[in-house]
Amino acid sequence: MKKWKKVMTAVLMAGMLAGCGVAEKDDSVYRVSMVAGTGGINDQSFNQVSWEGLQSFGAHTGADVRVLESKQASDYLTNIDRATDTYSDLVWALGYSQADAMLTIAKMNPDINFVIVDYAFDESPQNCTGVVFRAQESSFLVGYIAGLTTKTDKVGYVGPMKSFLNDQFQYGYMGGVAYAGHVLGRQIEVQSQFTESYTDAAKAKAISNKMYSNGCDIIFHSAGGAGYGVIESAKENEKLVIGVDTDQSYLAPENVLTSGMKNTNIAVELVSTMAMEGEKIGGNTYSYGLKEGCVGIPEVNKLMDPAVYEQAMALQQMIIDEELTPPVSEETYQSFVEGLGK
């Protein structure tokens, strides 16, 4: 009830200001707003990559673009509402946790297109669009690379929290490790733990320190800004780490083996262009993966055996050609591993 009152107050204020002639929509300018998740636009990860995509879209098309940052989840409703106050033609919400807030505001603004990242609608409203990524595909590749690279036969995974989305990273990675073990003919252990946060780098570092002391020599993280802690732990322990969302090798050139990239920037620019050109995007959910160039891994670096990279590229083509399907959940992971034994 309190949230609803806040929304109605904002709407009434917007109407009063419009009635006083404070702002008028300029139809010659296409306006796009983006509401970032709580990790912030400088998270060197999901939010930052998405915002870079929108900035690129603005530079290429002349569209007016802006971002609203959210310090906590309770900011989502207010920020999405604020995004409509400036007559945005398109509003992006970054992350599935913004779904309820976006749907509330979308119902009140039927003439504005809303797009949410990492959320698929069962029945999408006609002015709402979902964009999802097959993160399990890139996670499978980095898991395979970790499995072929480990010298201790123990690797780690540090995630933010259990969810359908994070299962893609965890079980895709575990599937890749298992596939590498199958190729090599040996068992490779995966230790997994969650930070319960996208921002708690200290906790992520403590988890990673323990994993490294337990024998892991490579850790993959998908913990957003909290992942800084994993990378710092790798540097201090002189171990290897796998980044996420973007090529994070510049953060620790001597430690980042590779990264499971989630190129939200490409999807943001693609869908924004479709909307600007008048294509009907509402009511749809788009799925992007290796085939569309929206997930992947960076070029081989000095820490990786070139032969391992070539094997990963061959595996990538198998996934694109649908000859191999990476697991996305515990259930599909178990089936995948069972299939390897046949």
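Calculation rules
- Residues numbered from 1 in each chain as written.
- Predicted model: local features only at pLDDT ≥ 70, side-chain atom pairs only at ≥ 80, totals over all residues.
- Heavy atoms only, no water.
- Helix = DSSP H or I, 4+ residues; strand = E, 2+ residues; numbered from the N terminus.
- Buried < 20%, exposed > 50% of the residue type's maximum accessible area, 1.4 Å probe, protein only.
- Contact = heavy atoms within 4.5 Å.
- Pairing = 2+ DSSP bridges.
- Right-handed = clockwise from strand over helix to strand, strands pointing away.
- Axes fitted to C-alpha atoms, helices over the stretch in contact; angles between N-to-C directions.
- 1 Å grid on protein atoms, 1.4 Å probe; cavity = no way out; pocket = protein on both sides within 12 Å on 5 of 7 lines; lining within 4 Å.
- Points joined across faces, edges and corners; volume = space filled by probe spheres on them.
- Nonpolar A, V, L, I, M, F, W, Y, C, P; charged D, E, K, R; others polar.

Chemist: Could you give an account of unusual backbone geometry, naming the residues involved and the relevant values?
Modeler: Despite not being glycine, Glu196 has its phi angle at roughly 60°, a positive value. Here Glu196 is to be found in the loop between β7 (189-194) and α7 (201-213). The exposure class assigned to Glu196 is exposed, which follows from its relative accessible area of 52%. The residue Asp245 is not glycine, and still its phi comes out positive at about 70°. Structurally, Asp245 is set in strand β9 (residues 240-245).

Chemist: An account of helix α8 (residues 227-237) is requested, with residue identities and associated values reported.
Modeler: Among the residues of α8, Gly227, Gly229, Val230, Ile231, Ser233 and Ala234 are the ones counted as buried. Turning to α8, the residues buried within the fold contact β6 (154-159), α7, β8 (218-221) and β9. Residue Glu238 follows α8 closely and has a positive phi angle near 55°.

Chemist: Break down the environment of Pro110 for me, with residues and values.
Modeler: In this fold, Pro110 is placed in the loop between α4 (99-108) and β4 (113-117). Spatially, the C-alpha atom of Pro110 lies 6.2 Å from that of Asn127, the residues being 17 residues apart in sequence.

Chemist: Go over the pairing of strand β3 (residues 90-94) with me, naming the residues and quoting the values.
Modeler: Counting buried positions over the 5 residues of β3 gives 5, a clear majority of the element. Alternating residues of β3 divide into Leu90, Trp92 and Leu94 and Val91 and Ala93, and every residue in both groups is buried. Of the pairings in the sheet, the one linking strand β1 (residues 31-35) to β3 comprises 4 bridges and is parallel in character. Opposite Ser33, over in β3, you have Val91 as the bridge partner. Summarising the sheet, β3 and β4 pair through 5 bridges and their orientation is parallel. Following the sheet pairing, Ala93 is matched in β4 by Ile116. Regarding the hand of the β-α-β motif, the stretch spanning β3, α4 and β4 is right-handed.

Chemist: Tell me what's going on with the sheet that holds β3, and back it up with residues and numbers.
Modeler: A sheet is described by the order of its strands in space; here 6 strands give the open sequence β2-β1-β3-β4-β5-β11, paired in parallel fashion. The two strands at the open ends of the sheet, each matched to only one other strand, are β2 (64-68) and β11 (285-288). The mean angle between the axes of side-by-side strands here comes to 20°, regardless of whether they run parallel or antiparallel. Of the strand pairs in this sheet, β4 and strand β5 (residues 128-133) are connected by 4 bridges, and their pairing is parallel. Looking at β5, one finds that Phe114 is bridged to Cys128. Along the sheet, helix α3 (residues 75-85) contacts β1, β2, β3 and β4; its crossing angle with β2, the most-contacted strand, is approximately 160°.

Chemist: Can you break down the layout of surface pockets residue by residue, with the values?
Modeler: Reported here for the largest pocket is a volume of approximately 380 Å³. Considering the residues around the largest pocket, the lining is formed by 25 residues, among which Phe46, Gly95, Tyr96, Leu165 and Tyr198 are closest to the centre. If you list the elements that add at least two residues to the lining of the largest pocket, you get α2 (46-61), α6 (164-184) and β9. Looking at side-chain class alone, the lining of the largest pocket contains 10 nonpolar, 11 polar and 4 charged residues.

These results come straight from atomic positions and should not be treated as a statement about function.
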